[in-house]
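Close look at the chain arrangement
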Amino acid sequence: MKSQDIRKAYLQFFESKGHLIVPSAPIVLKDDPTLMFNNSGMAQFKEYFLGNAAPKSKRIADTQKCLRVSGKHNDLEDVGFDTYHHTMFEMLGNWSFGDYFKKEAIPWAWEFLTEVLKLDKDRLYVSVFEGNEAENVPFDQEAFDIWKQFVSEDRIILGNKKDNFWEMGDQGPCGPCSEIHIDLRADAERTAISGFSLVNADHPQVVEIWNNVFMEFNRKADGSLEKLPAQHVDTGMGFERLCMAMQNVTSNYDTDVFTPLIEKVEQITGLKYTSNEVKNISDEQNKINIAIRVVVDHVRAVAFAIADGQLPSNTGAGYVIRRILRRAIRYGFTFLNTKEPFIYQLVAVLADQMGEFFPEIKKQQTLVTNVIREEEASFLRTLDQGLQLLENVIAETKGKEVAGAKAFELYDTFGFPIDLTALILRERGYSLDEAGFDKAMQEQKSRSRAASEVSTDDWKILVDGNTESFVGYDQVENEVKITRIRKVDSKKDGVLYQIVLDATPFYPEGGGQVGDKGTLVSANETIEIIDTKKENNLILHFTKKLPENLNASFVAKVNTDLRTATAKNHSATHLMHQALRAILGTHVEQKGSLVNPKNLRFDFSHFSKVTDEELQQVEDFVNARIQEQLPLIERRSIPIQQALDEGAMALFGEKYGDNVRAIKFGDSMELCGGIHVNNTADIWSFKIVSEGAVAAGIRRVEAITGAGVRQFFATQEELLSEIKTALKNPQDAVKALVSLQDENIKLKKQVEALLKEKAKNMKTELANELQEVNGVQFLAKQVDLNAEGAKDLAYELGNLGNNLFLVLATAEEGKPMLSCYISKELVAEKNLNAGQVVRELGKFIQGGGGGQPFFATAGGKNAAGIPEALSKAIDFVK
């Protein structure tokens, strides 16, 4: 049975049981501050489990793209070494929100696996929670009794808290679970050793394929459990593992989920992958297998993340994606001998394979391909630089062990993989101080953990029921009551309080727009709201202190100056999106944005730099729409399909409901939940201040509006005035500036000629100062030249013979510079290296540098160290 058919069969089965089939949520979570990525099927439904929102159906089924590479659920370092862990995987799920429970969920699971898919019942084992006295949670007798209807007791395993009690995190909904495991070993192995003993023992062929979580508790901040108001079912089934069972193989990578990708890698590299059925393979072949598994797994995670709007970067979720891709690149570089970009070629295979069910990968195929190709090329250049840096580390190492701290610096600062460092060192006869590396790594992790550590108290409920609403589209001020509060303590921000209001006018951060700020005013006090965010369908108002009387009536007042400035920038973003599509082409799609009171930032897909002429056209287009005084046409709640049919722009990677809010200014129409001006005339003016590349095929424009434009032109006018004053107030400032530049070029040429002449004159003088040391013509001297003059002089002296060792020091404008020249013959005969010389001597001037073995330079901060540096130079030839 093909993987596509297995997926369809699952969804059709649960549709027949009254479930609403919903599409996968994006793999990247943009509006959940607690998670970077969807790491489980239930992540997109958290607000329903918490009771903060009502689902559109009490029964839902889907297949969810999941990513587990950070935090509590981190499988990254296992991927490739075994045959069943993945970074991105599909989680087939069926959900009950306060509807059915164990007596339906368990029989349906058994029915689907044994009657629809016809898996061998003799290969299946089940587990139930054994109970936990400390948690006051009893043995799951109900699940046990239901399972006895389908399997004998010797196939029911009693699982402990680690294996059979599922938790969303340190706090939140949780409950006992019941798993189904399958034994895929050969009959002879099954006869020799019972599969019962191998369940949850990390055996690659005895694996969990189904997990029914019975959500009935809430984990509080103090670790205690309380009953949820309703009982829920959260089912997760590993799609890749189910395909393995259905296709009679013993590795996920031998299923048709991965074989098309593997075949493409084989075609590109000329290397062969051996299936899991082949035994006794060589160490060399095993390394190739691992590398291919890493590549085909990681390309799925990276491609879908990019398609969902997350570009590789150096921070946050983008850094995680870059790290995954770089892991794949280095495995290819080291074990598949791929020195040029190649992973990007797998995107076409992935799009053909999964595009039917996940259309985003097909729609974004060109962008994904370009981004991955550029990331590969960039990291391969980094690897080349890292190899040179590693050579320097080896050259500076005394003995045969490289310090762990040095290896960590290569890893942390330059991104050079530690396993590649260790491999090269072994080949060169060196060892790595692994303990030192681990220590440096742990110290960094501890610093990082401490910086991001957050402790969150339980909610204190002041008003029961879900009474919260948002009134900020119509009001910037409203009488409110506090419905719940909690304290949050973090290393970064200190102690803050989160306040939820019954009818807030404060807009929470989302869709690229920052959250509102303002005040909460009662008869006796004023509390400052420093930020507003949304979490699990609750709007959270952040404060540094709580009101004295939490039950009082308050007036919530949004800071209208900040709100108005932000609205201008947000509406201008929509107009600019329209302008870019009109001027550059309809291939332009929004890939990210930031809207705050000061400016706007807009990332979009485009294959080349936007020219100055095109930027001016965009600017003119937006300002024309402002001059047209287009009124805001806002439609609060219309069916999403109707909005799309009417031409509304929807963004890939965004999660939309059945009903959406549409914002229209003239011909610009977008799905958007943000705050906007009532008329484009309110924007006043629009000015682009920068344009540049973010990634391959992604450009970024930054712009300003309103008061920002006024300030921009005022600053430009002031700058022009200063330039005129400096030029003695000429009638034509531009003509005067060009004349000054021409004169400067002439003078520079004259100075350069004079310095070259000076260097030539010094050649004879310094040639007489050369002294012979161990058969080497040696000189170390400070000269009154600039750095370029010192280089010319060094090469002039180098022409005098083939055994020169020269160190010249300069201190132009107090900035010390050391230049070392060594005849190429000496470099070869005596193993001397100018780069190593200047690195050592550079320490005396508080600096460093490098270069070629025969010529190198080092700059520094301490000119007073020049004499000592020169005095130490002779040590290299003694």
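Residues numbered from 1 in each chain as written. Predicted model: local features only at pLDDT ≥ 70, side-chain atom pairs only at ≥ 80, totals over all residues. Heavy atoms only, no water.

This paragraph deals with the overall build of the chain. On a plain count of helices and strands, the chain comes out with 25 helices and 38 strands. Taking the principal axes of the C-alpha coordinates as reference, the chain spans close to 105 × 75 × 55 Å. Here the chain holds 878 residues, and 51% of them are scored as buried. Pairs at least 24 apart in sequence give 68% of the contacts found in the chain among residues at least 6 apart. By element, 47% of the accessible surface of the chain is carried by carbon and sulfur atoms, the whole surface being about 40,800 Å². Taken as two groups, the 102 positive and 126 negative side-chain charges of the chain have centres that lie 3 Å from each other. (Helix = DSSP H or I, 4+ residues; strand = E, 2+ residues; numbered from the N terminus. Buried < 20%, exposed > 50% of the residue type's maximum accessible area, 1.4 Å probe, protein only. Contact = heavy atoms within 4.5 Å. Areas by Shrake-Rupley, 256 points an atom, 1.4 Å probe, with all protein chains shown as cover. Lys, Arg positive; Asp, Glu negative; His and termini not counted. Charge placed at Lys NZ, Arg CZ, Asp CG, Glu CD.)

This part takes up the nonpolar core. Phe112, Leu113, Trp210, Leu242, Ile343 and Ile372 are the most contacted members of the largest nonpolar core, which totals 123 residues. Top element by residues in this core is helix 9 (residues 283–307). It accounts for 15 residues. When near neighbours in sequence (up to four residues on either side) are disregarded, Leu113 contacts Lys118, Leu119, Ile180, Ile209, Trp210, Met237 and Leu242. Leu804, Leu818, Tyr821 and Ala869 belong to the second largest nonpolar core, which has 42 residues in total. (Core = buried A, V, L, I, M, F, W, Y, C linked by side-chain atoms within 4.5 Å.)

The next subject is the layout of surface pockets. Its boundaries defined by the atoms lining it, the second largest pocket holds a volume of some 1,200 Å³. Contributing to the lining of the second largest pocket are 45 residues, with Arg68, His85, Glu179, Glu208 and Arg241 lying nearest its centre. At the level of elements, strand 4 (73–74), strand 5 (88–97), helix 5 (161–164), strand 8 (165–167), strand 9 (172–183), strand 10 (206–219), strand 11 (225–238) and helix 7 (239–246) are the ones that each hand at least two residues to the lining of the second largest pocket. In terms of residue count, the dominant contributor to the lining of the second largest pocket is strand 10 (7 residues). (1 Å grid on protein atoms, 1.4 Å probe; cavity = no way out; pocket = protein on both sides within 12 Å on 5 of 7 lines; lining within 4 Å. Points joined across faces, edges and corners; volume = space filled by probe spheres on them.)

Where helix 14 (residues 404–414) is concerned, the buried positions are Gly404, Ala407, Phe408 and Leu410. One side of helix 14 holds all its buried residues, which, seen down the axis, span an arc of 155 degrees. For helix 14, the exposed residues set more than 90 degrees away from the buried face come down to Ala405 and Thr413. In the segment just after helix 14, Gly415 is the residue with positive phi, at about 75 degrees. (Arc of directions from axis to C-beta.)

Attention now moves to the sheet that holds strand 33 (residues 771–773). Reading across from one edge, 33-34-35-36-38-37 is the order of the 6 strands in this open sheet, with mixed pairing throughout. Every other strand in the sheet has two partners, leaving strand 33 and strand 37 (848–851) as the edge strands with one partner each. With direction set aside, neighbouring strand axes in the sheet form an average angle of 20 degrees. Pairing of strand 34 (residues 776–782) with strand 35 (residues 804–812) involves 6 bridges; the strand directions are parallel. Across the sheet, Lys781 pairs through a bridge with Leu808, a residue of strand 35. On the sheet, helix 24 (residues 834–842) packs against strand 35, strand 36 (815–822), strand 37 and strand 38 (855–859) and is oriented at approximately 150 degrees with respect to strand 36. (Pairing = 2+ DSSP bridges. Axes fitted to C-alpha atoms, helices over the stretch in contact; angles between N-to-C directions.)

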